[in-house]
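# Coordinate inspection notes
Listed here are the chains, written in short residue letters.
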Amino acid sequence: MISSLLERKIEKRPDKVRLQGRILFLTEDPELIKRQLAGEDLPWDTKNSANNPKLRDDISTDEITPAHYCFYFDQTLGEIPYAGLKTGGVLPIGRGDVKRGGFVCSVSGKRRGKGSSREQSPYAEMSAGIKLVIAENIERIYKQNCQNLGVLTSTNFSLIDKIRAGEEIALSEFTFGEDEITRQVIEYGGLFPFNVARMQKKVFLPPIKAAGEGARTTRPMTLAEKIFARHMLNENGEMGVAAVKPGDTGFARADLRFSHEYVTPMAAIFFEHYVGKDAKVNDPSTILFFRDHLTFLDEVISEEKKKLGLLDLATQLKLKQEDFAQRQGIKLHGELKDRKGSEGICHSIVLESYALPGQLNIGSDSHTPHVGAVGCVAFGIGTTDVFNSWITKDVRVRVPESVKIVIRGKKHPNVTAKDFILKILSLDYVRSGKALAKVMEYAGEAIEELSVDERATMTNMAAEIGGFTGIVAPDEKVIEFLIEHRGMDHKQAEALIEGLCSDDDAQYAEVIELDAAKITPMVATPGDPGNGKYIRELNTPVPVEIAYGGTCTAGKNEDMDMYAGVLADALRQGKRIADSVKFYIQFGSQETRDYCIRKGYIDIFKNAGAHVIEPSCGACINAGPGVSTRPDQIVISAQNRNFPGRSGPGQMYLASPLTVAASAVAGYIVEYEPSEERQPVGVR
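Since the structure is predicted, the reported quantities are computational estimates derived from the model, not experimental observations.

## Quick notes on the overall build of the protein chain
Across its full length, the protein chain carries 27 helices and 24 strands. Relative to its length of 684 residues, the protein chain is compact, with a C-alpha radius of gyration of 24 Å against a globular reference of 26 Å. The C-alpha extent of the protein chain, read off along each of the three principal axes, is 75 × 60 × 50 Å. The buried share of the protein chain, reckoned over its 684 residues, is 64%. Summarising the internal contacts of the protein chain: among those between residues at least 6 apart in sequence, 74% fall at separations of at least 24. Put simply, the protein chain shows about 25,100 Å² of open surface, and 48% of that area lies on carbon and sulfur atoms. Averaged over its 84 positive side-chain charges, the protein chain has a centre that lies 3 Å from the centre of its 93 negative ones.

## What about unusual backbone geometry?
Positioned with a positive phi, Lys201 is a non-glycine residue whose angle comes to about 60°. Mapping Lys201 onto the fold places it in the loop between helix H9 (191–199) and helix H10 (223–231). Overall, the relative accessible area of 59% leaves Lys201 in the exposed class. Although it is not a glycine, Lys393 adopts a positive phi angle of roughly 70°. Turning to its location among the elements, Lys393 is positioned in the loop between helix H15 (383–392) and strand S13 (394–398).

## Comments concerning the pattern of salt bridges
Within the structure shown, the criterion is met by 49 salt bridges. A salt bridge links Glu139 to Arg111, with the nearest nitrogen and oxygen atoms 2.8 Å apart. Taken together, the residues Glu139 in the loop between strand S4 (132–134) and helix H5 (140–149) and Arg111 in the loop between strand S3 (103–107) and helix H4 (120–127) connect sequence positions 28 residues apart. Given a relative accessible area of 5%, Arg111 falls into the buried group. Taken together, the shared-partner salt bridges connect Glu272, Lys277, Lys320, Asp323 and Arg327 into one network.

## A look at the pairing of strand S2 (residues 22–25)
Residues Arg22 and Leu24 point to one face of S2 and Ile23 and Phe25 to the other, with burial holding for every one of them. Here 4 bridges tie S2 to S3, and the two strands are oriented parallel to one another. Across the sheet, residue Phe25 finds its bridge partner in S3, namely Val107.

About the thresholds
Residues numbered from 1 in each chain as written. Predicted model: local features only at pLDDT ≥ 70, side-chain atom pairs only at ≥ 80, totals over all residues. Heavy atoms only, no water. Helix = DSSP H or I, 4+ residues; strand = E, 2+ residues; numbered from the N terminus. Rg over C-alpha atoms; globule rule 2.2 N^0.38 Å. Buried < 20%, exposed > 50% of the residue type's maximum accessible area, 1.4 Å probe, protein only. Contact = heavy atoms within 4.5 Å. Areas by Shrake-Rupley, 256 points an atom, 1.4 Å probe, with all protein chains shown as cover. Lys, Arg positive; Asp, Glu negative; His and termini not counted. Charge placed at Lys NZ, Arg CZ, Asp CG, Glu CD. Salt bridge = Lys/Arg side-chain N within 4 Å of Asp/Glu carboxyl O. Pairing = 2+ DSSP bridges.

Structure, rendered in structure tokens:
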């Protein structure tokens, strides 16, 4: 515990707030947005929504703060909220517009804040003067980031009238329905002041009580609930409680805390500002840093952005992380010394080298659930949560409900985990937002047949579902993975997975059943990962200019098996990658690169005409080879997201590694079929 914090003066917010300023409605009509920025206040009927213009749904954090602006990690971010927000095919909000407009509240539609866990988004809004966000529903990480910073959130559109009338609003309006801890975080104006109050024993964690009659230990639990129970702090601050249920709130002790260069510098500045430059983090041996996002940025950043100094800012991110890691004694997986590239993407390395069944891991990235493939609970957190965890070694948690997704039967040979997850993302249950903030537990024969690498694709993309995390019960395949990657013996690995399964009578918010035999290769059409459809349902051939295979989702060993299998098949037929296509293959880690060398894949990739790239997040975040450069360019990618502008201005289709490689050879989007069966097929 840092003693200086015990003397810090901490007070609650007033119990009533008055929000003085204008309201910005993020509508689908760009002209209405421009008129507001020019000074006009839109009329708004809070009693009859049919009288109002359509609000933009699905606003992602990529649109609130485009990736290249996240090189800023101070209040300069207040110049750029909504700079990537596209409505009517245009970007109506320019630099400084929101701040100049005097807006105090921002209003949008469904699923606000989906996508990356970047806290730069609500921080940018806050720094521009936004004190309240109103939306029909709000994504978990984004909402928690707002609360952590002190930005108020609501789904109550009647507040619009109160703000415009200059009325006071009871703080209870924003705490109603929240758990005890979240209520106190809001009352104290953010997570850091709340945690200081916790250290000073001004606030106390609510005890996790028995549900109903009888001993709590009799309650059947899901796999995720069992892991939470092991890690939740009791009222005495000790780790572990007998059982938990959805809705229980508290702090969970983390086994591993990690962050990358997009987040570490801002968290470090928060730490130094609020705690002290000479203060030390709590248990640096369980903290990891990664330089994995911007390694290849200089190859794709535009001259215009260079002139704005953004490349220099990106370099400062790296240097700040290196300096903080060195001073704190924290392990940094950084850039390579002998060639350009990184040691690996954070999720790839954590899965290969660190995560263990039954652990609770937190990371500064929405794709932290990647490691749920080995049966641990792992979830993304924002910058404030990261920096607070350096002090307390724990993280605020509200035990989520679980959704069980059962995929039965046997999959087709050309269908992969990516096709499964694209199918799940297309379901009404997911697209309507009902899966938000829930655990996605994958089960069934088709899941059990998947390797750990393929399971990681499923758990990774729980982030696109908007879920809290994704998890698969560990089994013999996980034991084999730990033996191969960690050098464990069978008995040691077997002991780790003991008891890590859901009880037969565990309760789920929903059980979704799918038949693997009915799922054929899929794509997600441009704009959203939820735009899934079967390739054979595409009405016309879709020619592609860029094919990309890589990222944490699709840069694993088994993904490389798929790229190599398709390209070797093509070479046997005398084919190569189509002249009209550039195909980029990027390793997720050095371990995967070494695997490809051992298997002879790199020669196959190069002989077929693919461009092979050292590990980094790269094109997935518009920061490496494989990004589009024109709005009319069509890209097919094995990455996890295709939000507007995320990977350049082009039109991106998401697909499996098999589909991406087959399409690179064909020159247009096709299903892959091994040559001994039949030729690749496209539109039918």
